[in-house]
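Below, each chain spelled out in residue letters.
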Amino acid sequence: MQLKRIAVFASGGGSNFGALLEAIENKEVNAQVVLLLSNAPSAYACARAREKGIPVAVINKATHPEADARAQAILKALAEKQADYIVLAGYLPIVPAAIIRAYPNRIVNIHPSLIPAFCGKGFYGHFVHEAAVARGVKLSGATVHFVDEGTDTGPIICQESVPVFAEDSPEDLAARVLKVEHSILPRALSLICADRVLVKNNTVHILTKKEDGAL
Ligand code: GRF
């Protein structure tokens, strides 16, 4: 089976990007990262990529002030690297619709809650965990999903829960959820890159593992 070509988009520390790279190095994911795209040149994710010899592209409002030109520049970078999939690993800008349309069910996002709880407009980063702690939920978690034109509405690939304790701060919960993110993002990519993910009616079906040597 051919190695899948993944472009990772990240704006921050890139610990999820790091977890994905580790899984690829351990041959748990049949892929190579062909591009790290960021809006933030000083993001640690960019440094991680450079350390590993992965090409880095910075595209943002400073490099391309016009939204259309920005979207086109991103599409061009993806085409040049012949990316099969895009992974949003803590990428803050809204992904332009032109890119979502060009990569249907080929853009994967990690969200730090159990969708549909604490998701949608305004629910990103620490806001998610603050809301979960404020509501007093007893379970939260993380979700990996495909990106469609809504906010956090695409087909769900993997979810995993974590307990929430009454004495938790949002930071405590964020740290517990991040650990789970580091295992479910590579797990989702491992399924996708093994051609085991089928989307029907906004629902993901995981195909059973092919026998070694089977067609
Ligand atoms: C994660 O919590 C992820 O769920 C969210 O942004 C954070 C990124 O963390 N979308 P990192 O940059 O991968 O460390």
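Residues numbered from 1 in each chain as written. Predicted model: local features only at pLDDT ≥ 70, side-chain atom pairs only at ≥ 80, totals over all residues. Heavy atoms only, no water.

**Comments concerning the overall build of the protein chain**
Stated formally: Secondary structure elements follow DSSP: runs of H or I no shorter than four residues count as helices, runs of E no shorter than two count as strands, and numbering proceeds from the N terminus. Here the globule rule is a power law, 2.2 Å times the number of residues to the power 0.38, and the radius of gyration is based on C-alpha atoms. Each residue's exposure class comes from its accessible area (1.4 Å probe, protein chains only) as a fraction of the maximum for that residue type: buried when under 20%, exposed when over 50%, partly exposed otherwise. Only the protein chains shown count as cover for residues, with accessible areas throughout obtained via the Shrake-Rupley method and a probe of 1.4 Å.
If you tally the helices and strands in the protein chain, you get six helices and nine strands. For the protein chain, whose C-alpha radius of gyration is 17 Å, the value lies close to the compact-globule estimate of 17 Å for 215 residues. Principal axes of the C-alpha set define a box for the protein chain whose edges measure 50 × 50 × 35 Å. Counting the 215 residues in the protein chain, one finds 45% classified as buried. Carbon and sulfur atoms make up 53% of the accessible area of the protein chain, which amounts to about 11200 Å² in all.

**A word on the pattern of salt bridges**
When the charged atoms of two side chains with opposite charge come close together, those side chains can pair. Worth spelling out the cut-off: A carboxyl oxygen of Asp or Glu within 4 Å of a side-chain nitrogen of Lys or Arg is what we treat as a salt bridge.
In this structure the tally under the stated criterion is six salt bridges. A salt bridge links Lys52 to Glu25; its shortest N-O distance comes to 3.1 Å. Residue Lys52 is found in the loop between helix 2 (44-51) and strand 3 (56-58), and its partner Glu25 is found in helix 1 (residues 15-25); the two are separated by 27 residues along the sequence. In this structure Glu25 comes out as partly exposed when scored by relative accessible area, which is 48%.

**Considering the packing of aromatic side chains**
Heads up, the rule is: Only the six-membered ring of Trp is used, alongside the rings of Phe and Tyr, when aromatic pairs are assigned; centres must lie within 6.5 Å, and planes under 30 degrees apart are stacked while those over 60 apart are edge-to-face, with the rest tilted. Note on geometry: a ring has a charge over it if NZ (lysine) or CZ (arginine) is within 6 Å of the ring centre and within 35 degrees of the ring normal.
Summed over all chains, the structure comprises three aromatic pairs. Measuring from ring centre to ring centre gives 6.3 Å for Phe118 and Phe123, while their planes differ by 65°; the resulting arrangement is edge-to-face. On the basis of relative accessible area, Phe118 is assigned to the buried category, the value being 17%. Given a relative accessible area of 29%, Phe123 falls into the partly exposed group. When the ring centre of Tyr85 is taken as reference, the NZ or CZ atom of Arg106 above it lies at 5.1 Å.

**Some thoughts on helix 1**
Heads up, the rule is: Whether two residues are in contact is decided by their heavy atoms: any pair within 4.5 Å suffices.
With eight of 11 residues buried, helix 1 is to be regarded as a mostly interior element. Considered for burial, the residues of helix 1 that qualify are Asn16, Phe17, Gly18, Ala19, Leu20, Leu21, Ala23 and Ile24. Buried residues in helix 1 make contact with strand 1 (4-9), strand 2 (31-38), helix 2, strand 4 (85-88), strand 5 (107-111) and helix 6 (170-193). Lys27 sits one or two residues past helix 1 and shows a positive phi near 65°.

**Some details on the sheet that holds strand 3**
So the rule is basically this: When DSSP finds two or more bridges between two strands, those strands count as paired. Axis lines are fitted to C-alpha atoms, over the contacting stretch for helices. Their N-to-C directions set the angle, which ranges from 0 to 180 degrees.
Spatial ordering of the open sheet is given by 3-2-1-4-5-6-7, a layout of seven strands whose pairing is mixed. Lying at the two open borders of the sheet, with one neighbouring strand each, are strand 3 and strand 7 (156-163). With strand direction ignored, the average angle separating the axes of adjacent strands in the sheet is 20°. Summarising the sheet, strand 1 and strand 2 pair through six bridges and their orientation is parallel. Residue Lys4 lies in a different strand from strand 2, and its bridge partner there is Ala31. Sheet contacts for helix 1: strand 1, strand 2, strand 4 and strand 5; angle to strand 2, the most-contacted strand, approximately 160°.

**A closer look at the site of the ligand**
What counts is decided by this rule: Distances are taken per atom, and a residue is near a molecule or strand as soon as one of its heavy atoms is within 4 Å of it. Under this definition, polar contacts are N or O atom pairs within 3.5 Å; protein pairs additionally need one hydrogen-donor-capable and one acceptor-capable atom, and for neighbouring residues in sequence, both atoms have to be side-chain atoms. Gly is put with the polar residues, along with every residue not named as nonpolar or charged; the nonpolar set is Ala, Val, Leu, Ile, Met, Phe, Trp, Tyr, Cys and Pro, and the charged set is Asp, Glu, Lys and Arg.
Near the ligand the following residues occur: Gly13, Gly14, Ser15, Asn16, Gly90, Ile110, Pro112 and Glu181. For the ligand, an oxygen atom lies 2.5 Å from a polar atom in the side chain of Ser15. Between the ligand and Glu181, the relevant distance is 2.7 Å, taken from an oxygen atom to a side-chain nitrogen or oxygen of the residue. Burial of the ligand by the surrounding chains reaches 76%, relative to a free accessible area of 370 Å². Partitioning the shell around the ligand into residue classes produces two nonpolar, five polar and one charged.

**Remarks on the pairing of strand 9 (residues 203-206)**
Relative to strand 9, strand 8 (residues 197-200) runs antiparallel, the two being bridged by four bridges. Opposite Lys200, over in strand 9, you have Thr203 as the bridge partner.

**Focus: the side chain of Lys4**
Along the chain, the position of Lys4 falls in strand 1. Within the structure, the side chain of Lys4 is placed 3.2 Å from the side chain of Asp195, a separation counted as a polar contact. The residues touching Lys4, leaving out its near neighbours within four places in the chain, are Asn30, Ala31, Gln32, Asp84, Tyr85, Cys193 and Asp195.

**Notes on the side chain of Ser113**
If you trace the backbone, Ser113 turns up in the loop between strand 5 and helix 5 (126-135). Within the structure, Ser113 has its side chain in polar contact with the backbone oxygen of Phe118 (distance 3.2 Å). In contact with Ser113, other than residues within four places in its own chain, are Phe118, Val128, Ser140, Gly141, Ala142 and Thr143.

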